[in-house]
Amino acid sequence: MRYILWCSWLVSVFAFGQTEYDFSRHLRLPEGLGSARGAAMPGAIVVMGGDLQAAKVNPAGLGLYNRTVLAGTFGLYGTTLNSPAIHDSARGPRPEFSDVGLVIPLGAPIGPDARRGPWIVAVTWHKSVHHLTGAEIPTNGSMIARWKEIMDGYAPSAFYRSSPFALSLEEGLWTISDSTLWKYNPVLSPDSSQGSTYRFRGNQSRSVLDFAFGRQFAPWLFAGATLQIPFDIARNQETSRETFRNGGMSPKAIEYEEYTESKGSGLRMGAGLIVRPTCFLRIGVSYYSPAWLHVKDSISAVLRTGTQPPTGDFLVDTPVNHAAALWDYHVFLPSEFRLSVGLIDGGWGAVTAGLMTTRYGGVYFKAGDYPDPIFDTLNQQAAAMAQRHYQFSLSGELKQGPWRLRGGTRWDAQWQHWTQAGIGIGFHTPRWYADAAAYLTWQPQNRFTPFEGWNDGTLFSAIEGSRTTQGFSLTAGLRW
């Protein structure tokens, strides 16, 4: 079973220069990261406002500001990928900035008898998803033999022939006998294989730049809107090495290495309301449109042959075969809807309950400037995975003078699992404030193998597992 899982991983990893991480990262649900207050109270800012993260989840919350605020968040986080098929998957702790912004009231603060407040504008940046990935898998099987079973005589399209995978293997393992067929050219005999190893290191993140505004239009009504520019960045490195018996000499070896750097940016719009029917009760609602991302992947691959001594580094004994390619495509991410209800008092604190719903897997891929049938397969698989998720949150905040004590959690009804939990403290004065929080996030590690059709169903397309992120955030802000 481990050998089959290994082959599944390798084939999808080497499938024409794209890994499942390159595509599955778009499937992840937002994790509510950013400010320390937001990390400790997932979902609460939808109705509470008064936090930089309001622009990301409900811009109506900006209407609760009454002075200029400059704030930022710094922290540490690490990620663990849990799966029985891999080991060495924990990475971190890693320092990062995850939240920064400026809020400016365009007018005097609202007075005790005023019915409406000034316009509040904000420019903020927030991290919404981040994870490091590490994986290392040894096996007694031969990846070359498995490649031969699948690829010998395969008819690649023009796109496949232009990919790093195809070009590297064409130079080192396969030849193309005519314009349509690959033919296996045995550089080293799979019968003498002593096993393969695979190593993956990745760093993916998603953040958003918000240009938002909000206002108190009546004593009981706050409203706002935002224009978002989401950013998606991923950098991956994969290395696979297979050794072969070579008589009494050092074993021969083949090493395949691939680097992927992916950058995407796009647009999304959002709007929200906060209604205050009584002094203590608030109801918040927000909607964010589907996001459009323009993604560019830069992929390079290297194929080496050499020897692997019993001790010491891999020794290259042939010229390095190198290939590079670019992917240029569009991704459409699903819309997001949030609803929250809170009992909030300025003197003692708050209790909130909320709902966020989005269509996990509701992702659509579109080719860039060239026709590409791969994206049809991607969209079919994304559609098959698409399920509407309902995530429920519950959080609370206690106040005692300048001190704050916070905590909260979020539950996913589809996964039947907690997806985020946090706890934090804060100290607030009229001139400055500081918040700290420790949090955990959890999501399944989903395999998204875009080329399932060409392996005729003989390989597994999924490795079960989950990804857990542990983080600590510290937010500091100035008021004037």
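The structure presented is a predicted model; accordingly, all values stated were derived computationally and were not measured.

**Side note on the overall build of the chain**
Across its full length, the chain holds nine helices and 20 strands. Among the 480 residues that make up the chain, the fraction classed as buried is 56%. Put simply, the chain shows about 19,600 Å² of open surface, and 62% of that area lies on carbon and sulfur atoms.

**Structural notes on the pattern of salt bridges**
One pass over the full model with this rule turns up 12 salt bridges. Here Glu 261 and Arg 235 are joined by a salt bridge, their closest N and O atoms 2.9 Å apart. Separated by 26 residues along the polypeptide, Glu 261 in strand β8 (residues 252–275) and Arg 235 in strand β7 (residues 221–244) bring together distant segments of the chain. A residue is classified by how much of its surface remains accessible, and Arg 235, at 41% relative accessible area, is partly exposed. Among the ionic pairs, Lys 263 bridges to Glu 261, the shortest N-O distance being 4.0 Å.

**Considering the pairing of strand β17 (residues 403–412)**
Two faces, one strand: in a regular strand the side chains alternate between the faces of the sheet. Side-chain alternation along β17 places Arg 404, Arg 406, Gly 408, Arg 410 and Asp 412 on a buried face and Trp 403, Leu 405, Gly 407, Thr 409 and Trp 411 on a face that remains uncovered. Bridge count between strand β16 (residues 387–400) and β17: 10 bridges; the pairing is antiparallel. Paired with Phe 392 across the two strands is Trp 411, which belongs to β17. What sits between β16 and β17 in their antiparallel hairpin is a turn of two residues, with Gly 401 showing a positive phi close to 65°.

**Details of the pairing of strand β6 (residues 193–218)**
Note: β6 against β7, 24 bridges, orientation antiparallel. Each bridged residue has a counterpart across the sheet, and for Asp 210 the counterpart in β7 is Gln 228.

**Things to note about a nonpolar patch on the surface**
On the surface, Leu 70, Leu 102, Ile 104, Leu 106, Trp 119, Phe 213, Trp 432, Leu 478 and Trp 480 cluster together into a nonpolar patch covering about 840 Å² of accessible area. A total of three residues in the nonpolar patch trace back to one element, the largest contributor, which is strand β2 (residues 90–106). Mapping Leu 478 onto the fold places it in strand β20 (residues 466–479).

**A short note on the nonpolar core**
Counting 18 residues, the largest nonpolar core has Tyr 329, Val 331, Leu 333, Val 363, Phe 365 and Phe 375 as the members making the most contacts within it. Listed by contribution, the elements that provide at least two residues to this core are β10 (291–307), β12 (321–333), β15 (364–367) and α9 (374–385). Contacts of Val 331, omitting those with residues within four sequence positions, involve His 26, Ala 291, Trp 292, Leu 293, Val 295, Val 363, Tyr 364 and Phe 365. Membership of the second largest hydrophobic core comes to 15 residues, among which are Ile 45, Ala 54, Leu 62 and Ala 122.

**Thoughts on the packing of aromatic side chains**
Think of a pair of aromatic rings as described by two things: how far the centres are apart, and how the planes are tilted against each other in angle. Scanning the entire structure with this criterion turns up nine aromatic pairs. Look at Tyr 360 and Trp 415: their rings are 5.3 Å apart centre to centre, the planes differ by 80°, and that puts the pair in the edge-to-face class. Of the two residues, Tyr 360 sits in strand β14 (residues 349–360) while Trp 415 sits in the loop between β17 and β18 (417–428), which places them 55 residues apart along the sequence. For Trp 415, a relative accessible area of 18% gives the class buried. Plain terms: the ring middles of Trp 415 and Trp 442 are 6.0 Å apart, the flat faces sit at 85° to each other, and that makes the pair edge-to-face. One end of the pair, Trp 415, is in the loop between β17 and β18; the other, Trp 442, is in strand β19 (residues 432–444), with 27 residues separating them in the sequence. Summarising the burial analysis for this pair, Trp 415 and Trp 442 share the class buried. Sitting over the ring of Phe 217, Arg 215 keeps its end group 5.6 Å from the ring centre.

**What to know about unusual backbone geometry**
Although it is not a glycine, Gln 416 sits at a positive phi angle of roughly 55°. Note on placement: Gln 416 falls in the loop between β17 and β18.

**Concerning the side chain of Arg 410**
Mapped onto the secondary structure, Arg 410 falls in strand β17. Although Arg 410 is buried, it makes no salt bridge; Asp 412 carries the closest opposite charge, 8.1 Å away. Apart from the residues within four sequence positions on either side, Arg 410 is in contact with Pro 30, Glu 31, Gly 32, Pro 42, Gly 43, Gln 391, Phe 392, Ser 393, His 417, Trp 418, Thr 419 and Gln 420.

**Regarding the environment of Ile 274**
Along the chain, the position of Ile 274 falls in strand β8. In the structure, Ile 274 is positioned 226 residues away from Met 48 in sequence and 8.7 Å away in space, judged by C-alpha atoms. Ignoring anything within four residues of it in the chain, the contact list for Ile 274 reads Val 46, Val 47, Asn 58, Ala 60, Gly 61, Leu 64, Trp 220, Leu 221, Phe 222, Arg 282, Ile 283 and Gly 284.

**Structural notes on the environment of Arg 467**
Looking at the secondary structure, you find Arg 467 in strand β20. C-alpha separation for the pair Arg 467 and Ala 90, spaced 377 residues apart in sequence, amounts to 9.8 Å.

**Regarding the confidence of the model for the chain**
Any residue range with low pLDDT should be treated as having predicted coordinates unsuitable for detailed reading. In the predicted model, the chain carries a mean pLDDT of 80, and the fraction of residues at 70 or more is 77%. Counting interchain partners and residues more than four positions distant, the pLDDT-below-50 stretch residues 1–20 has 79 contacts. Scored below 50 in pLDDT, residues 449–463 makes 38 contacts in the model with residues more than four places away or belonging to other chains.

**A short note on the environment of Pro 95**
With respect to the helices, strands and loops of the structure, Pro 95 is situated in strand β2. Residues Pro 95 and Phe 472 lie 377 residues apart in sequence; the distance between their C-alpha atoms is 9.5 Å. Excluding residues within four positions of it along the chain, Pro 95 makes contact with Phe 74, Gly 75 and Leu 76.

So, how was this worked out
- Residues numbered from 1 in each chain as written.
- Predicted model: local features only at pLDDT ≥ 70, side-chain atom pairs only at ≥ 80, totals over all residues.
- Heavy atoms only, no water.
- Helix = DSSP H or I, 4+ residues; strand = E, 2+ residues; numbered from the N terminus.
- Buried < 20%, exposed > 50% of the residue type's maximum accessible area, 1.4 Å probe, protein only.
- Areas by Shrake-Rupley, 256 points an atom, 1.4 Å probe, with all protein chains shown as cover.
- Salt bridge = Lys/Arg side-chain N within 4 Å of Asp/Glu carboxyl O.
- Pairing = 2+ DSSP bridges.
- Patch = residues over 30% accessible without salt bridge, like charges linked within 9 Å, V, L, I, M, F, W, Y side chains within 5 Å.
- Core = buried A, V, L, I, M, F, W, Y, C linked by side-chain atoms within 4.5 Å.
- Contact = heavy atoms within 4.5 Å.
- Phe/Tyr/Trp six-rings, centres within 6.5 Å; stacked < 30°, edge-to-face > 60°.
- Lys NZ or Arg CZ within 6 Å of the ring centre and 35° of its normal.
- Lys, Arg positive; Asp, Glu negative; His and termini not counted.
- pLDDT = per-residue confidence, 0-100.

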